[in-house]
Amino acid sequence: MSLAFGWAAAVPALSAETMLSPEPLQEDVYIIGPGDVLDLKLFDAAELSGPLEVLNDGSVPLPLLGSVRLSGLTLQQATVWVQQLMSKELLRPDLQLRVVKPRPIRVALVGQVERPGIYSLTPSETGQTEGGPAIRLSGLPTVVDAIQKAGGITQQANLRGVVLQRRLPGMDKPLGYKQAELDLLDLVLEGNQSQNPFLFDGDTIRITQADETPKEAVELAAVNLSPQVITVNVIGEVEKPGRVELQANTPLVQAVLAAGGPKNWRASTGNVELVRINRNGSATLKKFKIDLDEGASNEKNPPLRDGDSVKVNRSTLARASDAINAVSQPLGGLVQIWTLFRLINNN
């Protein structure tokens, strides 16, 4: 097997930190792995030709040779390797090796996707973002297909820095990998298809958390990578307090309006609180001022996330009125009792 390891050694080593542009990913060659069904055609020995299945250990049973490991090699590398081995048994080992049934593609999605994990992808799949309709996925799987199958991105996803990690060909241990950084915003807003490369078995897609919600958040709500519907709690001095279903990335002001809007004199539009439960279980509270003329922005009118709670606090007048009512109601009862007592005594 020295030649196979020679092929691996010939591959330029890239550290895990090496970051490439996405274009070369489209030019990567197929790497043989367990589950592939190959077809071996020996031109001068048709009786030895036939299908070969790559076993779990990465080997295939070759005629005249027995078990030979091909996993981790490209088709070209495997062809040269098998041809050299066959030359010890045949005078003219001219052959062709091709994939007739590729294995399912298993990829890992980590970070800011709705359902992180390991996913198996085939040319015919169904994907569904949270709250959205089922999407029929056909053809060779791409980065977008994998994200859709994982439920779509979260509203905290950094779409400008999606990292795709891919194994390099060869049978080195430890394995070599390369990375490319993708800009999915360029894909969904400008249609740059080079940012959506085809996936290979063993790829890892990593979506980090954005430091702040992108300015295109409202536009992204309509994209089929994003959750389509979120549920938020709007409480306090609004006309219809309770749970409200909204389009993803709906701004704070619009959520208050969806709950019927602030009550005329009872609501303090300058004191609206947003409570957010983070993925790690912590909670954050921020205060905002409602301004109907304000567009979506992180500082003044933040896009909401699923599970957010919005509280419209009472105005100073409402607090004073409630305090007076709380005091006067018990006194009213006492006055009535005192009056009744006097009537009884007078009689």
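The present account deals with the structure reproduced in this document. (Residues numbered from 1 in each chain as written. Predicted model: local features only at pLDDT ≥ 70, side-chain atom pairs only at ≥ 80, totals over all residues. Heavy atoms only, no water.)

A look at the overall build of the chain
In plain terms, the rule: Secondary structure elements follow DSSP: runs of H or I no shorter than four residues count as helices, runs of E no shorter than two count as strands, and numbering proceeds from the N terminus. Categorising residues by exposure relies on relative accessible area from a 1.4 Å probe, with only protein chains included: less than 20% of the type maximum marks a residue as buried, more than 50% marks it as exposed, and the intermediate range marks it as partly exposed. Should any heavy atoms of two residues lie within 4.5 Å, those residues are considered in contact. To measure how exposed things are, a 1.4 Å probe is used in the Shrake-Rupley method; for residues, cover is taken only from the protein chains shown.
A tally of regular secondary structure across the chain gives seven helices and 18 strands. Taking all 347 residues of the chain together, 42% fall into the buried category. Across the chain, contacts joining residues at least 24 apart in sequence account for 60% of those joining residues at least 6 apart. Total accessible area computed for the chain in this model is approximately 18500 Å², and 53% of it derives from carbon and sulfur atoms.

Focus on the sheet that holds strand 16 (residues 267-277)
Formally: Pairing between two strands requires that DSSP report at least two bridges joining them. Whenever a helix is involved, its axis is fitted only over the stretch in contact; in every case the axis is a line through C-alpha atoms, and angles between N-to-C directions fall within 0 to 180 degrees.
A sheet is described by the order of its strands in space; here five strands give the open sequence 15-14-18-16-17, paired in mixed fashion. With partners counted over all chains shown, the strands left at the sheet margins are strand 15 (242-247) and strand 17 (283-288), one partner each. Recorded for the sheet is a direction-independent mean angle of 25° between the axes of neighbouring strands.

A few points about the sheet that holds strand 3 (residues 50-53)
In spatial order, the strands read 3-2-6; together these three strands make up an open sheet with antiparallel pairing. Of all strands in the sheet, those bounded by a partner on one side alone are strand 3 and strand 6 (95-101). Between one strand axis and the next, the sheet turns through 30° on average, direction left out of account. Of the pairings in the sheet, the one linking strand 2 (residues 37-42) to strand 6 comprises six bridges and is antiparallel in character. Across the sheet, Asp 39 pairs through a bridge with Arg 98, a residue of strand 6. Its contacts with the sheet place helix 2 (residues 75-86) against strand 2 and strand 6, and it is angled at close to 135° to strand 6.

Some points on the environment of Asn 264
Within the secondary structure, Asn 264 sits in the loop between helix 6 (252-258) and strand 16. By relative accessible area, which is 77% here, Asn 264 ends up exposed.

Digging into the pairing of strand 16
Judged from the five bridges that link them, strand 16 and strand 18 (residues 309-314) form a sheet pairing that is antiparallel. Counted as the bridge partner of Leu 274 is Val 310 from strand 18. Here six bridges tie strand 16 to strand 17, and the two strands are oriented antiparallel to one another. Within the sheet, the bridge partner assigned to Val 272 lies in strand 17 and is Phe 288.

Some details on helix 2
Here is the rule we go by: The span expected for a helix works out to 1.5 Å for each residue beyond the first.
If you check helix 2, its first and last C-alpha atoms are 16 Å apart, about what twelve residues at 1.5 Å a residue would give, namely 16 Å. Among all positions of helix 2, only Gln 77, Ala 78, Thr 79, Trp 81, Val 82, Leu 85 and Met 86 are buried.

Digging into the pattern of salt bridges
What counts here: Throughout this description, the term salt bridge denotes a Lys or Arg side-chain nitrogen within 4 Å of a carboxyl oxygen of Asp or Glu.
Inspection of the entire model under this criterion finds eleven salt bridges. Between Arg 92 and Asp 44 there is a salt bridge, with its nearest N and O atoms 3.5 Å apart. With a gap of 48 residues between them, Arg 92 in the loop between helix 2 and strand 6 and Asp 44 in the loop between strand 2 and strand 3 connect regions that are remote in the sequence. The class of Arg 92 is exposed, set by a relative accessible area of 55%. A residue is classified by how much of its surface remains accessible, and Asp 44, at 47% relative accessible area, is partly exposed. Among the charged side chains, a salt-bridge network with shared partners connects Asp 28, Arg 166, Lys 178 and Asp 203.

As for the environment of Arg 115
Mapped onto the fold, Arg 115 is located in the loop between strand 7 (105-111) and strand 8 (117-121). For Arg 115, a relative accessible area of 34% corresponds to the partly exposed category. Each C-alpha atom, one on Arg 115 and one on Gln 148, is 9.9 Å from the other, the two residues being 33 residues apart in sequence.

Examining the packing of aromatic side chains
So the rule is basically this: Stacked, tilted and edge-to-face pairs are distinguished by plane angle, under 30 degrees for stacked and over 60 for edge-to-face with tilted covering the rest, among Phe, Tyr and Trp rings (Trp via its six-membered ring) whose centres lie within 6.5 Å. Note on criteria: charge over ring means Lys NZ or Arg CZ within 6 Å of the ring centre, with the direction from the centre no more than 35 degrees off the ring normal.
A full pass over the atoms with the stated rule returns zero aromatic pairs. It is Arg 266 that lies over the ring of Trp 265; its NZ or CZ is 5.5 Å from the centre.

Comments concerning the nonpolar core
So the rule is basically this: Take the buried residues of types Ala, Val, Leu, Ile, Met, Phe, Trp, Tyr and Cys, join any two whose side-chain atoms come within 4.5 Å, and each joined set is a nonpolar core.
If you look at the biggest cluster of nonpolar residues, it comprises 23 residues, and the most contacted ones within it are Leu 109, Leu 199, Ile 205 and Ile 207. Take this core: its biggest share by element is four residues, from helix 3 (residues 143-149). Residue contacts for Leu 109: discarding those within four places in its chain leaves Pro 116, Gly 117, Tyr 119, Ala 146, Ile 147, Ala 150 and Ile 205.

Focus on the environment of Arg 276
In this structure, Arg 276 sits in strand 16. On the accessibility criterion, Arg 276 (12% relative accessible area) is buried. Remark: the alpha-carbon pair of Arg 276 and Ser 309, spanning 33 residues in sequence, is separated by 6.6 Å. Those residues within four positions of Arg 276 in sequence are excluded, and the remaining contacts are Ser 282, Ala 283, Thr 284, Pro 303, Leu 304, Arg 305 and Asp 308.

The values are spatial; any link to function lies outside them.
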